[in-house]
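Breakdown of the fold
This is what each chain is made of:
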Amino acid sequence: MPKLIPVTAMNTPEPGAPAPDRVIAGTPQNRTWNAYETPDGRFFSGIWESDPGAWRIEYTEAEFCHILEGESRITGDDGAVMTVRAGDAFVLPIGFKGTWEVVTRTRKHYAIYLP
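Scope of this entry: the structure provided in the associated data block.

1. Structural notes on the pairing of strand E6 (residues 62–76)
Each regular strand carries side chains that alternate between the two faces of the sheet. Summarising the sheet, E6 and strand E9 (residues 97–113) pair through 13 bridges and their orientation is antiparallel. The partner of Phe-64 across the bridge, within E9, is Ala-111. Pairing between E6 and strand E7 (residues 81–85): five bridges, direction antiparallel. Its bridge partner being in E7, Arg-73 is matched across the sheet by Thr-83.

2. With respect to the nonpolar core
By size, the foremost hydrophobic cluster in this structure holds 16 residues, and its most contacted members are Ile-57, Ile-74, Phe-90, Leu-92 and Trp-100. Breaking this core down by element, the ones donating at least two residues are strand E4 (43–50), strand E5 (53–58), E6, strand E8 (89–92) and E9. For this core, the element with the most residues is E9, which contributes four residues.

Basis of the calculations
Once a new chain begins, its residue numbering starts again from 1 and follows that chain's sequence as written. With the structure being a predicted model, the display of local features is reserved for residues of pLDDT at least 70 and the display and counting of side-chain atom pairs for 80 or more, all residues being used for whole-chain, interface and lining totals. Side-chain metrics rest on all non-hydrogen atoms present in the structure, leaving aside hydrogens and water. One requirement defines pairing of two strands: DSSP has to find at least two bridges between them. Working definition: helices are DSSP H or I runs of at least four residues, strands are E runs of at least two. Numbering for both runs from the N terminus. To qualify as a nonpolar core, a set must consist of buried Ala, Val, Leu, Ile, Met, Phe, Trp, Tyr and Cys residues joined through side-chain atoms within 4.5 Å. Only protein chains enter the calculation, and the probe is 1.4 Å; a residue is then buried if its accessible area is under 20% of its type maximum, exposed if over 50%, and partly exposed in between.

Written as structure tokens, this is what we have:
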């Protein structure tokens, strides 16, 4: 039986930040409310939000994102730039490398799969 996950009623978030050696600009701080995780830990989802800043990203997982508020800019190592805002949905594939820049505080639903 499917289970409805009440993401609006989640507990205190887990604070975090990009690794210091990955930060490019600002002092980005983020918060994660992990709402669901499979017993093997390979799939999980919830809500993430971050304050402005920019950092390097290197994906060893696949992530589906749905932006709830704010604006971010994702730039691939190939130079392609994608600006995302509330209502946008996209996937960052395994192996994606580039930068994530939070322009204004960004909040997203995420679903991550670890191979």
